[in-house]
Structures are given as C-alpha cells and as structure tokens.
Amino acid sequence: MTVKIVTDSTADIPSELAQELGIEVVPLKVRFGTEEFLDGIDLSSEEFYQRLVQGPTLPTTSQPSVGEFTEVYQRLGEGSDGIMSIHVSSKLSGTFNSAKQASEQAEVGCPIEVVDTLQASMAVGLIVLAVARAANAGAGMEELAALAEDTSSRSEFFVMLDTLEYLKKGGRVGPAMALIGGILSIKPMIILRDGEVNELAKERTRRKGVARLIRTAQEFGSLEDMAILHSTTPDEAQSLASDLERLMPEGTQPVISRAGSVIGTYSGPGALGVALIRSATT
C-alpha cells in the first residue's frame, strides 16, 4: 500500500508528469457566461486563451465542491495507507476549504492530510512533485507531511504580466493599481508573499521584465527545483529556462509548464513566471 497524492488543477502540473507520478488532479471550473468547463479537461489551452482575448465574456472561476473532493478521497482511500491533499493558497481560493471539509466528511479507512501551501500555480506543483516522488519511494504520512510543510516554506512564485487588467477584473488587485499600469504601459510584476499577491516591480519593457525575473531568481541562491510558467509564449519560456538552468542541481532542468484556464483567467496572455524551491542549505 502507498500514500495517494491529490492536488487541484491550479497547480499547473504538466499532465504527463502527473500521470507518471500517479498524482490525482481535481479540476476547478471555468465559466464563460452560461458555459462551464473543467479546468484542463473540457477546454484546451489554445481554445481558452482565444476565448479570453477575443470573446465577449470574461471568464469566472470556482473551486471544486466538497462533494467532488469527498468522492476522490473515498475512491483513493480504498487500500491506501493515507492521502496527502496539497492545494493553492487559501487566501486566493476556496479550494483548500472545500478539501478540508471533505477530509472530515469522507468515509475512508486511512488518514487524510490537507495542506495549504500558501502558494499558487507551479509553486504548488513543485511541492506536489516533491511529495509524490517521496511517496512513490515509500515514505509514510508523517514524513510526507513534514516534507510538504518544509518545501512550502522554501517555495517562491513570481510573475511578469503583460497587463494587470485580468487580475483587476478578477478582484485580485485594486482598480487604481491596474489603471496606473495601463497609463504607464509598464510590465507589472507580482510575487506571492504569505499566500497573497504583492507587487514585485514595474518594468518599462518586456526585455527588462525578463531580466528582472532572472535577477530575482538569482537572489534566492542555489535551488532544489524550478519551473518556468507561461501563458502564451512557449519560446520565451524555453529561453528563460535555459538562462536559469545553472541555478539548478547538476544534471537537472527546470520544468516548463503552461498556465491552465484558472491561472490564465487572472494572469492573462503574455504572462511569464518562475516557481522555485530554495535549497535547504541556502
């Protein structure tokens, strides 16, 4: 028997990695008007970003229900030693609360640990990947819970956006901040601190914004793991990964991931970001 690993679709883990490591991904929902889609299942990334930019209706998002998490826990709990459920910051989404309630209601014969990473996107993804690899190597619940807490404490996530407009419309930043960004034609940069969106910098050009991403990553010293996230610029993401690969342990490379529909709803097209886990020895 083994410990099962659960996360939500905002973790933006590439599907092939999730399948390889046996990670159960519970999808959030994205709505365009009356149409509802499961994040990462019902709508391709290309279709989503085309609708986001060209469609008449901006999307809204919602977390999985308590019942949806309960079904997953009860299905995975059969014959398992435990379930580790690792999620996006509770300050950004109700997903953690849904998972927590479900863990208390699910009728399973194993313990369920629900983790609030206070992170988002591939910062959550890197934590999940670390825990999943340890679980597949035979680690037990206590060890995995400690690992999730430790990697969460050493995780960072920062992003260059093409505009603050999508964050503003999603209620994640104030209208004044978004207005200033639009007037100045800046490239706003954000970072997650204590589970919430904070300003990192403002850069006048995209080139300077990429340079700031590189400098910020370097400031965290040696790294245990890293992921590059993009919404619509895969070549730019690959170039950034090449620039930052030297910060990684020898023989490893950053994961490159595309922001899914939920993260893309707030980041918009043109977003480019870095998720990382600082080395424990830094």
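Residues numbered from 1 in each chain as written. Predicted model: local features only at pLDDT ≥ 70, side-chain atom pairs only at ≥ 80, totals over all residues. Heavy atoms only, no water.

Caption draft 1: Spatial organisation of the side chain of Ser89. Looking at the secondary structure, you find Ser89 in the loop between strand S6 (82-87) and helix H4 (95-105). A residue is classified by how much of its surface remains accessible, and Ser89, at 0% relative accessible area, is buried. (Helix = DSSP H or I, 4+ residues; strand = E, 2+ residues; numbered from the N terminus. Buried < 20%, exposed > 50% of the residue type's maximum accessible area, 1.4 Å probe, protein only.)

Caption draft 2: Looking closely at the sheet that holds strand S1 (residues 3-8). Spatially, S2-S1-S6-S7 is the arrangement adopted by the four strands of the open sheet, whose pairing is parallel. Since the sheet does not close on itself, it has two edges, and those belong to strand S2 (23-26) and strand S7 (112-116), each with one partner. Strand after strand, the sheet turns through a mean of 20° between neighbouring axes, direction not considered. In the sheet, S6 pairs with S7 via five bridges, with the strands oriented parallel. Bridge pairing links Ile86 to Val115 in S7. (Pairing = 2+ DSSP bridges. Axes fitted to C-alpha atoms, helices over the stretch in contact; angles between N-to-C directions.)

Caption draft 3: The environment of Tyr266, seen in detail. Looking at the element boundaries, Tyr266 is found in helix H11 (residues 261-267). Distance from Tyr266 to Thr61, taken between C-alpha atoms, is 9.6 Å for residues 205 residues apart in sequence.

Caption draft 4: Broad picture of the pattern of salt bridges. Taken as a whole and assessed by the stated rule, the structure comprises 16 salt bridges. In this structure, Asp194 engages Lys91 in a salt bridge whose closest nitrogen and oxygen atoms are separated by 2.9 Å. One end of the pair, Asp194, is in the loop between strand S9 (187-193) and strand S10 (196-203); the other, Lys91, is in the loop between S6 and H4, and 103 residues separate them in sequence. By relative accessible area, which is 39% here, Lys91 ends up partly exposed. Put simply, Arg206 and Asp162 hold a salt bridge, and the shortest N to O gap is 3.5 Å. In this pair, Arg206 is assigned in helix H9 (residues 206-219) and Asp162 in the loop between strand S8 (155-160) and helix H7 (165-169), connecting sequence segments 44 residues apart. Each of Asp162, Lys187, Arg206 and Glu236 takes part in one network of salt bridges that share partners. (Salt bridge = Lys/Arg side-chain N within 4 Å of Asp/Glu carboxyl O.)

Caption draft 5: Main features of the packing of aromatic side chains. Using the criterion set out here, one finds five aromatic pairs in the structure. Taking the centre distance of 4.9 Å and the plane angle of 75° together, the rings of Phe48 and Tyr49 count as edge-to-face. The class of Phe48 is buried, set by a relative accessible area of 0%. On the accessibility criterion, Tyr49 (5% relative accessible area) is buried. Ring geometry for Phe158 and Phe220: centres 6.0 Å apart, planes at 35°, overall tilted. Here the residue Phe158 occupies a position in strand S8, and Phe220 occupies one in the loop between H9 and strand S11 (223-230), the gap between them amounting to 62 residues. The exposure class of Phe158 is buried, given its relative accessible area of 0%. Judged by its relative accessible area of 18%, Phe220 is buried. Among the aromatic residues, those joined into a ring-pair cluster are Phe32, Phe37, Phe48 and Tyr49. (Phe/Tyr/Trp six-rings, centres within 6.5 Å; stacked < 30°, edge-to-face > 60°.)

Caption draft 6: Summary view of the sheet that holds S8. Spatial strand order, S10-S9-S8-S13-S11-S12: six strands in an open sheet with mixed pairing. Each edge of the open sheet is held by one strand with a lone partner, namely S10 and strand S12 (255-258). Across this sheet, the average inter-strand angle for adjacent strands is 20°, counted without regard to direction. Lying on the sheet, helix H6 (residues 141-153) is in contact with S8, S11 and strand S13 (272-278); it crosses S8 at an angle near 45°. (Contact = heavy atoms within 4.5 Å.)

Caption draft 7: Representation of H6. Between its first and last C-alpha, H6 extends 18 Å over 13 residues, near the 18 Å set by a 1.5 Å rise per residue. Every buried residue of H6 is listed here: Met141, Leu144, Ala148, Thr151 and Ser152. Buried residues in H6, looked at end-on, bunch into an arc of 105°, giving them a common side. More than 90 degrees from the buried face of H6, the exposed residues found are Glu142, Glu143 and Glu149. (Expected span 1.5 Å × (residues − 1). Arc of directions from axis to C-beta.)

Caption draft 8: Looking closely at the packing of helix H5 (residues 121-136) against H6. Closest axis-to-axis distance for the H5/H6 pair is 9 Å, and the angle between their directions is 155°. Here H5 lies roughly antiparallel to H6, going by the angle between them. At the point where H5 passes H6, the crossing takes the right-handed sense. Each of Ile127, Ala130, Val131, Ala134 and Ala135 in H5 lies in contact with H6, whose residues at this interface are Leu144, Leu147, Ala148, Thr151 and Ser152. Split into classes, the residues belonging to the contact of H5 with H6 amount to eight nonpolar, two polar and no charged. (Parallel < 35°, antiparallel > 145°, perpendicular 65-115°, else oblique. Left-handed = near helix turned anticlockwise from the far one by under 90°. Nonpolar A, V, L, I, M, F, W, Y, C, P; charged D, E, K, R; others polar.)

By themselves, these are just geometric observations and shouldn't be taken as functional.
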